[in-house]
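Remarks on the overall topology
Now for the letters of each chain:
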Amino acid sequence: MPVINFTNPVTVVVGVVLFLLVLYLARETKKAWIVAGLLFIFIAVLVGHTIEFATIAKQSDEIYKAITTSSMFDFVFILLSFLSYLWIDDMEVKEGKKKSIDNSLSWFWNKV
């Protein structure tokens with residue numbers, strides 16, 4: 001079985017709660033590096049699941065399904081962490097009156 005097994009609902013709930021707590025901390029402090037750290041942690045977990053997939057997934061069909069499900073959850077957490085990073089970074093730029101290179105989240109709100 002994978003080291004971090006997202007097929008267990010308790011593990012998914014713990015991951016979501018930790019994500020929300022880190023997001024709340026980053027929003028209150030307006031520091032984007034906090035969410036960036038979480039993003040890199042989820043990327044490292046995905047790399048770990050990839051290594052597990054390459055080495056032990058062929059042992060049984062149950063392990064194969066557990067690793068692929070965990071990898072899908074990794075991708076969801078990476079997407080949420082990246083969008084959260086863009087949001088907190090935008091808040092940090094506006095709060096610090098810094099010059100932004102681009103408005104990263106503007107493509108969400110632009111009307112086509």
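The structure under discussion appears in the preceding block.
Remember, predicted model here, so these are calculated numbers, not experimental data.

Right, let's get into the packing of helix 2 (residues 32–56) against helix 3 (residues 61–96). The packing of two helices is summarised by the inter-axis angle and the distance between the axes. Axis separation between helix 2 and helix 3 bottoms out at 8 Å; the angle between their running directions is 165°. As judged from the angle between their axes, helix 2 and helix 3 are roughly antiparallel. In the packing of helix 2 onto helix 3, the handedness of the crossing is left-handed. Among the residues making up the contact of helix 2 with helix 3, the classes are represented as 20 nonpolar, 6 polar and 4 charged.

Here we take up unusual backbone geometry. For Lys 30, which is not glycine, the phi dihedral falls at a positive 55°. Here Lys 30 shows up in the loop between helix 1 (9–29) and helix 2.

Our next topic: helix 2. Under the 1.5 Å per step criterion, the end-to-end length of helix 2 is 36 Å for 25 residues, consistent within 8% with the ideal 36 Å. All buried positions along helix 2 are accounted for by Ala 32, Ile 34, Val 35, Ala 36, Leu 38, Leu 39, Phe 42, Val 45, Leu 46, His 49 and Glu 52. Where helix 2 is buried, its residues touch helix 1 and helix 3.

Here we come to the nonpolar core. For soluble globular proteins, nonpolar side chains are generally found buried alongside one another. Counting 16 residues, the largest nonpolar core has Phe 19, Leu 23, Ala 26, Val 35, Phe 42, Ile 78 and Ile 88 as the members making the most contacts within it. Secondary structure elements with two or more residues in this core: helix 1, helix 2 and helix 3. Broken down by element, this core gets its largest block of residues, 7 residues, from helix 2. Among residues more than four places away in sequence, those in contact with Ile 88 are Leu 23, Ala 26, Arg 27, Lys 30, Lys 31, Ala 32 and Val 35.

So, how was this worked out
Residues numbered from 1 in each chain as written. Predicted model: local features only at pLDDT ≥ 70, side-chain atom pairs only at ≥ 80, totals over all residues. Heavy atoms only, no water. Axes fitted to C-alpha atoms, helices over the stretch in contact; angles between N-to-C directions. Helix = DSSP H or I, 4+ residues; strand = E, 2+ residues; numbered from the N terminus. Parallel < 35°, antiparallel > 145°, perpendicular 65-115°, else oblique. Left-handed = near helix turned anticlockwise from the far one by under 90°. Nonpolar A, V, L, I, M, F, W, Y, C, P; charged D, E, K, R; others polar. Expected span 1.5 Å × (residues − 1). Buried < 20%, exposed > 50% of the residue type's maximum accessible area, 1.4 Å probe, protein only. Contact = heavy atoms within 4.5 Å. Core = buried A, V, L, I, M, F, W, Y, C linked by side-chain atoms within 4.5 Å.

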